[in-house]
Amino acid sequence: MSTCPALHDANTLARDEGYWQRIAADYEVEPGPINFEYGYFGRMTRTVAEQYQQNIAFINRSNSLHVRQQFEQQDNLRIHAALAELVQVAPETVALTQSASAALQSLIRNYNAFKPGDQVLISDLEYDSIQNAMRWLARNRGVEVIEISHPHPASHDSLLQSYESALLRYPRLKLMVLTHVTHRTGLVMPVQAIAAKARAAGVDVVLDGAHALGQLDFRLDELGVAFAGYNLQKWMGAPLSLGVIYIQQDRLQAIDPDMAALDYLPHSIQSRTPYGTPNIPAWLTLPTVFAEHQAMGGSTVKGARLKYLRDLWVSQVQELDGIEVLTPDDPRLYSAITSFRFTRHADQQAMAQRLLDEYNLFTVVRAGSACGPCIRVTPGFTTTLEEVRVLVGALAELSR
Ligand SMILES: Cc1ncc(COP(=O)(O)O)c(C=O)c1O
């Protein structure tokens, strides 16, 4: 395993096309449209995919024998320890789940510190199903949901201000969801600063970290949030169906055991999320996933490459009449994902279709933020400079 290089070295490596060509050669890519939609999920490297296939075949052959005799007693613990090491937290504070949604919904559903009259907070930039989970609290826990919209264009200070005003205006707030990297525009929230304000106001934060792990450099135990959910299929390059729940060590009692888990390890974080037979071959692949992540340079190098590719296309289109880039240029506030819209065309869905039909470019439209629908562009680890050139050319032509 290589150790993570300093940011300076990472930025140099981010521009080293030879390095990324070698990385790209470790992925199998189906011919077809140019993929600028890696925000959905990432590819596994060939090494990870092969290991996963071997694990599927092995578990299929050995069936419950291996699972009962070895996975449950040993493999499981080894994988759990590796996960805790990856996120640099105590093993008692994390557990694997079936997805980020499963982790986040468990935290929201089982949060038990509400009093009558409490309020909860979400913004227009949260993930749709997480917004819905918070609205579920109104129907089932009797709390009031406060929904705020972030100003556009956003800045570091405006985002802080947005939360500062909400915390001041709604003194009965008890719980809020904060999304580290929003799936709509790619905006990266200043989590640590917002969480500090929330803590000072006595508000608990559930952090949606779905896009964070594997591309952002952060220490979870320094973010100042008590609860978080992650997945591993986006920037960690793990098989689908793996998420992570985090509960700060001294806050386990604020989350009830899940509805079916009352007798099951009540003092363990594992009881805080639904139990079901996991995707055991995927779990067994995790040590390889973590080793591959480190071998690529960890989040520092992967994040630097993604930002470099993002800067490359954004810097060439953001001054074009007819293009509005929605994600700010402050390097603290973006990572791989950036969204834009064609200002001379009302229907962004039709424009995304033209990008595909006329330029072979695959992107996705995201609606739901207060600033309106946009086209989301997400490069990945196999994205080439030539593909960025095609994107820039297409945007220049279609923006006229
Ligand atoms: C911001 C955000 N939160 C949560 C999720 C849900 O993640 P999962 O599909 O692992 O449940 C996603 C998925 O794209 C997301 O973008």
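Bear in mind the structure is a predicted one, so any value in this text is a computation, not a measurement.

Focus: the domain arrangement of the protein
Many descriptions give the size of an interface as the accessible area lost when the pieces come together.
Inference 1: Here the protein is partitioned into domain 1 (7–44 + 297–398) and domain 2 (56–292).
Inference 2: If you average the C-alpha positions of domain 1 and of domain 2, the two centres end up 26 Å apart.
Inference 3: Facing the 38 residues of domain 1 at the interface are 31 residues of domain 2.
Inference 4: Roughly 2600 Å² of surface becomes buried between domain 1 and domain 2 when both sides are summed, with 56% attributable to carbon and sulfur atoms.
Inference 5: Put simply, domain 1 and domain 2 have 15 residue pairs in polar contact (both at pLDDT 80 or more) between them.
Inference 6: Elements that contribute at least two residues to the side of domain 1 that touches domain 2 include exactly helix H10 (298–317), strand E10 (338–342) and strand E13 (374–377).

As for the site of the ligand
Inference 1: Of all residues adjacent to the ligand, which total 13 residues, the nearest are Ser101, Asp208, His211, Asn231 and Lys234.
Inference 2: For the ligand, an oxygen atom lies 2.8 Å from a polar atom in the side chain of histidine 211.
Inference 3: Between the ligand and glutamine 233, the relevant distance is 3.2 Å, taken from an oxygen atom to a side-chain nitrogen or oxygen of the residue.

Side note on the packing of aromatic side chains
Inference 1: As enumerated under the stated definition, the model contains 10 aromatic pairs in all.
Inference 2: Where tryptophan 20 meets phenylalanine 381, the ring centres are 6.3 Å apart and the plane angle is 15 degrees; that geometry is what we call stacked. Of this pair, tryptophan 20 sits in helix H2 (residues 17–24) while phenylalanine 381 sits in the loop between E13 and helix H12 (385–398), placing them 361 residues apart in sequence.
Inference 3: Between tyrosine 111 and phenylalanine 227, the ring centres sit 6.1 Å apart and the planes meet at 85 degrees, which makes this aromatic pair edge-to-face. A residue pair is termed long-range when its members are at least 10 positions apart, and tyrosine 111 in the loop between helix H5 (100–110) and strand E3 (119–123) and phenylalanine 227 in strand E7 (residues 227–231) qualify at 116 residues. Across this residue pair, the class does not change: tyrosine 111 and phenylalanine 227 are buried.
Inference 4: Here a set of aromatic residues connected by ring pairs shows up, and it is made of Tyr19, Trp20, Trp235 and Phe381.
Inference 5: Cation over ring: lysine 307 sits above tyrosine 334, and NZ or CZ is 5.2 Å from the ring centre.
Inference 6: In this structure, arginine 310 is placed above the aromatic ring of tyrosine 334, and the distance from its NZ or CZ to the ring centre is 3.6 Å.

Points about the side chain of serine 335
Inference 1: By secondary structure assignment, the location of serine 335 is in the loop between strand E9 (323–325) and E10.
Inference 2: At 3.2 Å, the side chain of serine 335 and the side chain of glutamine 215 are in polar contact.
Inference 3: Each residue touching serine 335, except ones within four places of it in the same chain, is listed here: Val181, Gly186, Val188, Gln215, Leu216, Lys307 and Arg310.

Cut-offs used in this document
Residues numbered from 1 in each chain as written. Predicted model: local features only at pLDDT ≥ 70, side-chain atom pairs only at ≥ 80, totals over all residues. Heavy atoms only, no water. Domains from an automatic or database assignment. Contact = heavy atoms within 4.5 Å. Buried area = accessible area lost by both parts, 1.4 Å probe. Polar contact = N/O pair within 3.5 Å; in protein donor to acceptor, adjacent residues only side chain to side chain. Helix = DSSP H or I, 4+ residues; strand = E, 2+ residues; numbered from the N terminus. Near = heavy atom within 4 Å. Phe/Tyr/Trp six-rings, centres within 6.5 Å; stacked < 30°, edge-to-face > 60°. Buried < 20%, exposed > 50% of the residue type's maximum accessible area, 1.4 Å probe, protein only. Lys NZ or Arg CZ within 6 Å of the ring centre and 35° of its normal.

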